[in-house]
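Take a look at the letters that make up each chain.
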Amino acid sequence: MSVDLEATVPEPVRLDVLVAAAERLLAGLLALSSRPEVVVFGGRRYQQGRRVGEGRRLSRPELVAQVVGPHSPGRSDGAFEFEVLGGEIAWAWMSVMDDGEPGEPTYVLFSPSRTCGGVVLATALALAVAECAGGEFRDEEIGMLVPPETDPARVVEVTRLTDPAFDFGDACERYLRQFPQLGGWPSRA
């Protein structure tokens with residue numbers, strides 16, 4: 001089962017702006033008292049689903065220099081991994097899909113770890129891209145909202161938790177359990 005979350009990207013977005021928006025959205029969606037820190041890794045390598053190259057954490061200047069979205073100077077065609085620093089196992093892999101045809105949208109895909117933290121992180125990242133680029137949020141594979149909602153502000157409005165949370169893992173699990181159609185998926189860890 002694929003569980004990608006997507007965002008259309010009509011305008012380029014710097015990676016540092018995306019990370020800041022994702023941190024803000026995570027705190028808001030989960031009613032956290034402080035923003036979780038999202039870190040970005042590049043150059044990780046996998047073989048048959050196992051990590052064989054750790055890659056490295058991108059520095060602030062590297063985040064500023066990377067642009068996600070339609071072709072522009074400094075645009076990244078590579079994949080990045082995002083993690084919540086100090087949180088439970090939560091990561092999401094990002095790739096940019098652009099067929100290069102004029103007028104066709106550019107999509108950013110987030111493939112999360114199959115944990116509550118991973119899915120919520122990917123949700124916040126896709127919402128952040130859509131918000132920052134003036135695009136749409138797409139959740140066609142997981143189906144958290146029925147019917148689907150593409151406006152990132154509306155998704156945040158109708159899904160954010162209202163009771164304060166102090167633990168990232170607990171908050172992620174509470175966030176996903178509000179969607180009965182998921183049937184308790186995914187597991188916490």
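Just so it is clear, the structure is predicted and the values come from calculations on it, not from any experiment.

Another aspect to go through is the nonpolar core. Core analysis: the biggest nonpolar cluster contains 54 residues, and Leu-15, Leu-26, Leu-30, Phe-82, Tyr-175 and Leu-176 have the highest contact counts within it. Contributing elements (two or more residues each) for this core: β1 (5-8), α1 (15-30), β3 (38-42), β8 (80-84), β10 (107-112), α3 (116-133), α4 (152-159) and α5 (168-177). Per element, the largest residue contribution to this core is 13 residues, and it comes from α3. Setting aside chain neighbours within four positions, we find Tyr-175 in contact with Leu-29, Leu-30, Val-120, Thr-123, Met-144, Thr-159, Arg-160 and Leu-161.

Most of the time, phi is negative for any residue but glycine, and the peptide bond is trans. With an omega of -5°, the peptide bond between Val-146 and Pro-147 qualifies as cis. Note on placement: Pro-147 falls in the loop between β11 (137-138) and α4. Cis geometry is adopted by the peptide bond preceding Pro-186, which originates at Trp-185 and carries an omega value of -10°. Its place among the elements puts Pro-186 in the segment after α5. Even without being glycine, Ala-31 reaches a positive phi, approximately 55°. In this structure, Ala-31 sits in the loop between α1 and β3.

Scoring rules and cut-offs
- Residues numbered from 1 in each chain as written.
- Predicted model: local features only at pLDDT ≥ 70, side-chain atom pairs only at ≥ 80, totals over all residues.
- Heavy atoms only, no water.
- Core = buried A, V, L, I, M, F, W, Y, C linked by side-chain atoms within 4.5 Å.
- Buried < 20%, exposed > 50% of the residue type's maximum accessible area, 1.4 Å probe, protein only.
- Helix = DSSP H or I, 4+ residues; strand = E, 2+ residues; numbered from the N terminus.
- Contact = heavy atoms within 4.5 Å.

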